[in-house]
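Report on the structure
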Amino acid sequence: MEQLIINGGKRLNGTVSVSGAKNAALAIIPASILCKDVCIIENVPCVNDISVLLDAMIELGVKVNYIDEHTIRIDARKINTIRVNYEHINKIRASYYLLGALLGRFNEAEVALPGGCNIGNRPIDQHIKGFEALGAEVSIEHGMINAKTDKLVGSNIYLDVVSVGATINIVLAAVLAEGLTVIENAAKEPHIVDVANFLNSMGADIKGSGTDTIKIHGVKKLHGTQYMMIPDQIEAGTYMVAGVITGGDVTVTNLIPKHMEAISAKLKEMGVGIEELDEGIRVFMKEPLKSLHVKTLPYPGFPTDMQPQITALLATIKGTSLMTEGVWENRFQYTDELNRMGANIKVEGSTAFITGVNGLTGAEVTSTDLRAGAALVLAGLAAEGQTVINHTDYIDRGYEHIEIKLQKLGANIYRATAAENKKELFKVM
Ligand code: UD1
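All right, on to the site of the ligand then. The environment of the ligand is made up of 22 residues, and the closest members are Arg-122, Ser-163, Val-164, Asp-305 and Val-327. Between Val-327 and the ligand, the recorded distance is 2.7 Å, taken from a backbone N or O atom to an oxygen atom. When the free accessible area of the ligand is taken as 720 Å², the share hidden by the protein chains comes to 85%. Looking at the shell around the ligand, the elements that each hand over two or more residues are helix H5 (125-133) and helix H6 (164-174). Top element by residues in the shell around the ligand is H5. It accounts for 3 residues. Its residues assigned to classes, the shell around the ligand shows 10 nonpolar, 7 polar and 5 charged.

This brings us to the pairing of strand S21 (residues 351-355). Here strand S19 (residues 320-324) pairs with S21 via 5 bridges, running antiparallel. Bridged to Ser-321 within S21 is Ile-354. When strand S20 (residues 344-348) meets S21, the two strands line up antiparallel, connected through 5 bridges. When the sheet's bridge partners are listed, Ile-345 is paired in S21 with Ile-354.

A water-sized probe, rolled over the atoms, reveals where empty space remains. All chains considered together, the criterion is met by 3 cavities of 30 Å³ or more. In this structure, the largest cavity spans a volume of roughly 40 Å³. Forming the boundary of the largest cavity are Ile-168, Val-171, Ile-192, Val-195, Ala-196, Ile-206, Ser-209 and Ile-214. Of all elements in the fold, only H6 and helix H7 (190-201) reach the threshold of two or more residues within the lining of the largest cavity. No other element matches H7, which puts 3 residues into the lining of the largest cavity. For the lining of the largest cavity, a count of residues per class yields 7 nonpolar, 1 polar and no charged.

Reading guide: rules and limits
Residues numbered from 1 in each chain as written. Predicted model: local features only at pLDDT ≥ 70, side-chain atom pairs only at ≥ 80, totals over all residues. Heavy atoms only, no water. Near = heavy atom within 4 Å. Polar contact = N/O pair within 3.5 Å; in protein donor to acceptor, adjacent residues only side chain to side chain. Areas by Shrake-Rupley, 256 points an atom, 1.4 Å probe, with all protein chains shown as cover. Helix = DSSP H or I, 4+ residues; strand = E, 2+ residues; numbered from the N terminus. Nonpolar A, V, L, I, M, F, W, Y, C, P; charged D, E, K, R; others polar. Pairing = 2+ DSSP bridges. 1 Å grid on protein atoms, 1.4 Å probe; cavity = no way out; pocket = protein on both sides within 12 Å on 5 of 7 lines; lining within 4 Å. Points joined across faces, edges and corners; volume = space filled by probe spheres on them.

So this is what it looks like as structure tokens:
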């Protein structure tokens, strides 16, 4: 088992570049199979979730080649099966986008039903409602969802909850449907706009992405394309917090400042110095930081995927802060790990009450999910002494070369196997 080891307390300084958006890639890559052609996708992040998704696609018969570390060529001319097994969905829930994409292309798809996960119950009723509205018959048997129809026909769909997953899956199923599909109460996240832009570059006719109402005029056929994906809003936000939590001066480049507005606004409210550049944001210290109230909400609200990282930061700021989770029911498990590092966080229902402490102290801790892992890395950077983080596999799902990027900013962080770490400890003793 690999671990991340951080000797904390170093102020971070310098520039870090953001990779492509994981959540956009997880939808754009499945979207590419909607055409019987070749797509080239640039700025794909080198993270484990993408490798797992590509394995699932290869099993369908899709040919995948890496042109360079961040550019992939997807040839979906031949697909042998419309079935995605549990083995894949179990590793990444986003494989459920293959349901919308296969249904869109073949009028049939069979995908294992995703289970719950560490951040709460994850229903897919809105995805199913959308497919049914387009004319598919959807059944669940033996752990598989089967969606089938002779012909998909456009429809009006009102989402009962704002769901990123359902919005994207319905768009995927609707682009080749006959007539007009209107999705109301659609999610507005930047990666939804990116998926729509990608599909439009393949010849789709999607309007209104990024607003509550998305209109999709079905087209007969899509063609191959070459497309560069947006940068990762959450990775960018995580490095901004890394600068702040260490009292440093960090410029995060290759981001879209507009996507960062909710995060920048909250950091500014705390007293962080924020300088917006064309494709970057500089964070620096200008006054003592103040406690804060935050509530996570669908975009353009404060992203749930930044909740653990900001909580780690608030744990180090004088006063009492409140963090309310408005998207998931169970996203505070990591607070016990932060408390082991000296934080003082109490969770009641969907709110964490965070009483700032004078300093965190290094400890051996375990990530419970991807963003929880990021929060522990941030806490470790600020803590006095050594932090050892178990379950780096969660972190590697969504952060490309995290230790290398942080090392370049001056952090003392490295990766080792648990056995190597033990040896190192004995040497020190
Ligand atoms: C959500 C986040 C996304 C984040 C991801 C991983 C929002 C709106 N979405 O996306 O930014 O990257 O988690 O942390 O912030 N729901 C239903 N029925 C459905 C689908 C969803 O009730 O069919 C509910 C979920 O239980 C949840 C909410 O809708 O409470 C948002 O879910 P959804 O946006 O679909 O989740 P993700 O796409 O995973």
